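Residue-level structural notes
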Amino acid sequence: MAKAVYPGSFDPITYGHLDVIERAAAVFDEVNVAVVVNPNKSPLFSLAERVELIEACTKHLPNVTITQFEGLLVKYVAEQGAQVIIKGLRAISDFEYEFQMALMNRKQNPNIETLFMMTSSKYSYLSSSMAKEVLRLGGCVRDLVPPLVEARMRQAIKGDDAK
Ligand code: PNS
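Note that the structure is predicted; figures quoted are calculated from it, not measured.

Parameters at a glance
Residues numbered from 1 in each chain as written. Predicted model: local features only at pLDDT ≥ 70, side-chain atom pairs only at ≥ 80, totals over all residues. Heavy atoms only, no water. Helix = DSSP H or I, 4+ residues; strand = E, 2+ residues; numbered from the N terminus. Contact = heavy atoms within 4.5 Å. Expected span 1.5 Å × (residues − 1). Buried < 20%, exposed > 50% of the residue type's maximum accessible area, 1.4 Å probe, protein only. Pairing = 2+ DSSP bridges. Axes fitted to C-alpha atoms, helices over the stretch in contact; angles between N-to-C directions. Near = heavy atom within 4 Å. Polar contact = N/O pair within 3.5 Å; in protein donor to acceptor, adjacent residues only side chain to side chain. Areas by Shrake-Rupley, 256 points an atom, 1.4 Å probe, with all protein chains shown as cover. 1 Å grid on protein atoms, 1.4 Å probe; cavity = no way out; pocket = protein on both sides within 12 Å on 5 of 7 lines; lining within 4 Å. Sits in = over half its atoms within 2 Å of the grid points. Right-handed = clockwise from strand over helix to strand, strands pointing away. Salt bridge = Lys/Arg side-chain N within 4 Å of Asp/Glu carboxyl O. Phe/Tyr/Trp six-rings, centres within 6.5 Å; stacked < 30°, edge-to-face > 60°.

**Observations regarding the side chain of asparagine 105**
As for its placement among the helices and strands, asparagine 105 is situated in helix α4 (residues 92–108). With sequence-adjacent residues up to four places away left out, asparagine 105 is seen in contact with Leu73, Val74 and Ile85.

**Section: α4**
For α4, spanning 17 residues, the distance from its first C-alpha to its last is 25 Å, which sits close to the expected 24 Å at 1.5 Å a residue. Buried within α4 we find Asp94, Glu98, Ala102 and Asn105. Turning to α4, the residues buried within the fold contact α3 (73–79), β4 (84–89) and β5 (113–118).

**Thoughts on the sheet that holds β5**
Strand pairs in the sheet, formed through backbone hydrogen bonds, run parallel or antiparallel to each other. If you trace the 5 strands from one edge of the open sheet to the other, you get β3-β2-β1-β4-β5, paired in parallel fashion. Lying at the two open borders of the sheet, with one neighbouring strand each, are β3 (64–69) and β5. Shown here is a sheet whose adjacent strand axes are inclined to one another by a mean of 30 degrees, direction ignored. Relative to β4, strand β1 (residues 3–8) runs parallel, the two sharing 2 bridges. Bridged to valine 5 within β4 is isoleucine 85. Contacting β1, β2 (30–36), β3, β4 and β5, helix α1 (residues 15–27) runs over the sheet at an angle of about 120 degrees to β5. Taken strand by strand, α4 contacts β4 and β5, and its axis lies near 170 degrees from that of β4.

**Regarding the site of the ligand**
Near the ligand you find 13 residues, and of these Gly8, Ser9, Lys41, Gly71 and Leu73 are the closest. Here serine 9 contributes a side-chain N or O atom positioned 2.5 Å from an oxygen atom of the ligand. Leucine 73 is positioned with one of its backbone polar atoms (N or O) 2.7 Å from an oxygen atom of the ligand. Relative to its free-state accessible area of 550 Å², the ligand is covered by the protein chains to the extent of 71%. Assessed atom by atom at 2 Å from the grid points, the ligand resides in the largest pocket. Within the residue set of the shell around the ligand, elements represented by two or more residues are β1 and α4.

**Let's talk about the pairing of β5**
Sheet analysis places β4 next to β5, joined by 6 bridges and oriented parallel. When the bridges of β5 are listed, isoleucine 86 appears paired with leucine 115. Read as a crossover between parallel neighbours, the route from β4 over α4 to β5 is right-handed.

**Structural notes on the pattern of salt bridges**
Under the definition given, this model contains 8 salt bridges. With its nearest N and O atoms 3.5 Å apart, the salt bridge here joins glutamate 30 to lysine 3. Separated by 27 residues along the polypeptide, glutamate 30 in strand β2 and lysine 3 in strand β1 bring together distant segments of the chain. Both residues of the pair, glutamate 30 and lysine 3, count as buried. Where glutamate 150 meets arginine 154, a salt bridge forms, and the shortest distance between an N and an O atom there is 2.8 Å. A residue pair is termed a helical-turn pair when its members lie 3 or 4 positions apart in one helix, as glutamate 150 and arginine 154 do in helix α6 (residues 147–162) at 4 residues.

**A word on the packing of aromatic side chains**
In this structure the tally under the stated criterion is 5 aromatic pairs. Ring pairs connect the aromatic residues Phe95, Phe99 and Phe116, which therefore count as one cluster.

Next comes the structure, spelled out in structure tokens:
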């Protein structure tokens, strides 16, 4: 049974992430979306909120599970019994950093492959941080994130601004 892990911050999940999850779910028996605990970032959403939002957006995909993890990615992937790390590529500019990470991950565990999936070109400009900035500045994110995510972003940003 081929199992893949799709890791990321997902702060929050966007239509670009969802596009990659759907592509991966069509190829693998099981896809584990792994939300990372990154001590270097101050996220808009807590880990639990990010997991909840991804769960809500992937309800239609029975072979997708959502978890959270902290520490070395390849260790986590091996613990999950998976063989593949999925990464989404939007543009050439993503490639250099992703290439470096893929080779470092291979160095740490040669049994785990990194597989890059191209996002749909309509999401090639999209990132969570840009969606957050657009919303903060009063722009429209309708085509960037699912409606539930937009509603939760509005609440969270309002809460942040009140601080
Ligand atoms: O969505 P992001 O923030 O671009 O995802 C980055 C992520 C989570 C894939 C990357 O930071 C990662 O793999 N973190 C786990 C820690 C680790 O294993 N680091 C060594 C990778 S070379």
